[in-house]
Amino acid sequence: MKYSLLWLFSLTTSLIFAQEGMWIPSELDKVIADMQSKGLKLQSQDLYSVDQPSLKDAVVWFDMGCTGEIVSNEGLLLTNHHCGFDYIQQHSSVENDYLTKGFWAMSKQEEKPCQGLTISMVQSIEEVTADVSGRMVGVQSEEYSKRLSDVKLMLAKEGKLPQGFQWNKEARGPFGMEWQTANGEFSSFIRDYNYGTRFYRIVLKTYSDIRWVGAPPSDIGKFGGDTDNWVWPRHTGDFSVFRIYAGANNEPSPYNVENKPYQPKKFFTVNAKGVHENDFTMIYGFPGRTEHFLPSSAIQFVTESMLPLRIEMREAAMKVLKERMFSSDKVRIQYAAKQSTVANAYIKWKGALQGLNKFDAVNLKKKQEEELAAVMPIKPAVVIDSLYREYGSYLLANAAFSEFMNSGPELFRMANRMKTVLATKENWSTTAADKWTEFESFYKDFDAMTERDLLFEFAPLLTKKVSGKLEGQIFRDLLKENEDDWGGVLYTLMENSLFVDTELLKTAFLKGDFKRIENDPIYKTAIALYDQHAIVVQPKVQLCNAEMDKALHQWVQVLTLAKHPAVNWCDANSTLRIAYGKVQGSKPRDGVVYDYYTTTDGIVQKFQSGNYDFNISATLDSLYRNDIFGNYAENGELRVCYTGSNHTTGGNSGSPALNAEGHLVGINFDRSWESTMSDYLFQPTICRNIMVDIRYVLWVMDVYANADHLIQEMKIVR
Ligand code: ASP
């Protein structure tokens, strides 16, 4: 049976699973020979070691969502412009429009502290699957999940710490309960891989005094805007610069003027020799999420229902934001981060949908399942199918609710937050001012007209998308009361609401006029929406997710038994991974060939198209046209971006793009539109990641911004 299975998979899946994979750095022995045969000049311990400095020590988890890399012995850090965006926005205003104009600290004193930003570094990754299973033997199903959490916490405490530190508090981390040291410098947790079929213990060290050093203007860092997001050929200088600061003994410390630049165990050598076709390439970072095990029924649900719903709702948000942001500079800055977030996933989903349809992913997976079914039971796949039938409408309602609250108007989310704040009314006169600060920062980025327009689009959409008994009903009732006129609904909600007028709300809040706040139409509607969601939708979604996880866990077990190539690697789960491939272009469509790199000539050509997203300043135009490229050009051209066949996903943004020697040659920031399907199905012929060439980054800092003191700090080989 084994042989017949191996034979089957070699026929139908070897093409699909040929180059994909995001490898766990502590287990590189599995792939190091293949990496070396493709050009890598390093050993696995150069990439990952807990005993000696290795490249892993120079890779950081940036803001728990992106990746960054350390490039100097003074904690200088590179990541993407879009990863640093929230912090660039934090320091920007109409008077100091760093978003548009860029910013460069010309000395360490000018570096700007970033409130809320953290940088974490992996200390160790150890597989503990056997320890977990050993401690779960004989546990009954009713107590399984409670016992599993306890076991995980127990095992987390066995994570190693340097001398002078000890685990002394349990706290909730991004992946559940974890152990932390007294001031949260270190944390240790057990992370599930492949739906809990494997477990790893990860120890992290986290720094929280991070300062913003610089970012290019938006006509470099965001060049191409939404027009070019997820697009190749690409010309975006998508990078920003930060610095990690440390307290006594180089250890983490909250912000303090006395803190000193962090001295890393390892930093990347920057290689300005350039990158060429077929060179070995790898990406070291924190990919967020892939779902490559999903069976055909799941892919069908995603492509026929889930993605179309989310795409439609985001389209509505983008239309409003575009109009409103165009109308005023203030609104443009206020909604810049939101607009980027909304647009980012929107375009990605459209690409994924197109790719999955083009490669007929549903039928491809169906065929594999049929082949598998011929030789062994595939019950989990059948269960997954029935779960979608039973809970599909709730999953869609949940997605619509989340789009409504996050991509649509923000007032309701804020009003719901108000409910939590008002839950403790004691000592109001002494605590109110403090409590108000969070609303202050909300209102900094609030524009009533934008909210009104978003609500006008989203209320009908939610009503249409969510079947009668769910949240949509609340708007349906309001619509009835207003004689089927959405304008009337808006008027009822917003005309007399405190929530659209910061000053009125602030006065009522500080005075403790709870009655007025709690009777506010926006407040009341928000609470009704959240309650309805919590009562009707959430329990079903939770039930479905729990059942789905169980079925997927069993599905991975079936695939493991069948030695299916999909189990060679673990789905991305925001943990440290390495992907490798070649520097290469692609042929995404009939008659279309993508070259593997772009140059500044393309910027000038795009500028000439007249599209607003391609506007550049006169200074840049003149530098590009007159070939003022410093010593960063190759054959008279300044290269901007390049592509490779590294398997990456969201979270890999900002990851170091490395050459065969482990030198930094680029910064990963995107995939081409045709590649976004790789979160579900990696197609080696077309899936490409996009990196900004490090020579362009250096050129921007040096020639464009005259921030050559930063270049001096780095170790650059030419
Ligand atoms: N642009 C993505 C990110 O923001 C990277 C990717 O999905 O390829 O992380």
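Notes on the structure in this doc start here.

Rules and cut-offs
Residues numbered from 1 in each chain as written. Predicted model: local features only at pLDDT ≥ 70, side-chain atom pairs only at ≥ 80, totals over all residues. Heavy atoms only, no water. Core = buried A, V, L, I, M, F, W, Y, C linked by side-chain atoms within 4.5 Å. Buried < 20%, exposed > 50% of the residue type's maximum accessible area, 1.4 Å probe, protein only. Helix = DSSP H or I, 4+ residues; strand = E, 2+ residues; numbered from the N terminus. Contact = heavy atoms within 4.5 Å. Salt bridge = Lys/Arg side-chain N within 4 Å of Asp/Glu carboxyl O. Axes fitted to C-alpha atoms, helices over the stretch in contact; angles between N-to-C directions. Parallel < 35°, antiparallel > 145°, perpendicular 65-115°, else oblique. Left-handed = near helix turned anticlockwise from the far one by under 90°. Nonpolar A, V, L, I, M, F, W, Y, C, P; charged D, E, K, R; others polar. Phe/Tyr/Trp six-rings, centres within 6.5 Å; stacked < 30°, edge-to-face > 60°.

1. A short note on the nonpolar core
Among the nonpolar cores identified, the biggest contains 215 residues, and M35, L47, F475 and F499 are the most heavily contacted of them. Looking at this core element by element, the count peaks at 16 residues for helix α23 (residues 521-561). With sequence-adjacent residues up to four places away left out, M35 is seen in contact with L28, L40, L47, F280, M282, I578 and Y580. Among the nonpolar cores identified, the runner-up in size contains 15 residues, and M136, L148, A156 and F199 belong to it.

2. Let's talk about the pattern of salt bridges
Enumeration over the complete set of coordinates arrives at 44 salt bridges. When the shortest N-O distance is used, the salt bridge between E158 and R135 registers 3.3 Å. Residue E158 is found in the loop between α8 (144-156) and β7 (169-173), and its partner R135 is found in helix α7 (residues 129-136); the two are separated by 23 residues along the sequence. On the accessibility criterion, E158 (40% relative accessible area) is partly exposed. According to the relative accessible area criterion, R135 is partly exposed, its value standing at 28%. Note that K338 and E410 form a salt bridge whose closest N and O atoms lie 3.0 Å from each other.

3. What about the packing of helix α11 (residues 296-327) against helix α18 (residues 448-465)?
α18 packs onto α11 with a crossing angle of 160° between their chain directions and a minimal axis gap of 9 Å. Judged by the angle between their axes, α11 and α18 are roughly antiparallel. Handedness of the α11/α18 crossing: right-handed. Contacts between α11 and α18 involve L309, E312, M313, A316, A317, K319, V320, L321 and R324 from the former and M449, T450, D453, L454, E457, F458, L461, K464 and K465 from the latter. Taken together, the residues of the contact of α11 with α18 sort by class into ten nonpolar, one polar and seven charged.

4. Things to note about the packing of aromatic side chains
This structure, assessed with the given rule, holds 35 aromatic pairs. Consider the rings of F401 and Y530, whose centres lie 5.3 Å apart with planes at 85°: the pair is edge-to-face. Placement of the pair is F401 in helix α15 (residues 379-406) and Y530 in helix α23, with a sequence separation of 129 residues. In terms of burial, F401 and Y530 fall into one category: buried.

5. What to know about the environment of L117
Mapped onto the fold, L117 is located in the loop between β5 (112-113) and β6 (119-127). For the pair formed by L117 and D86, sequence separation is 31 residues and the distance between their alpha carbons is 9.5 Å. In contact with L117, not counting residues within four places along its chain, are F62, D63, Y87, Y207, S208, I210 and F242.

Honestly, that's just the spatial picture; any functional story needs more than this.
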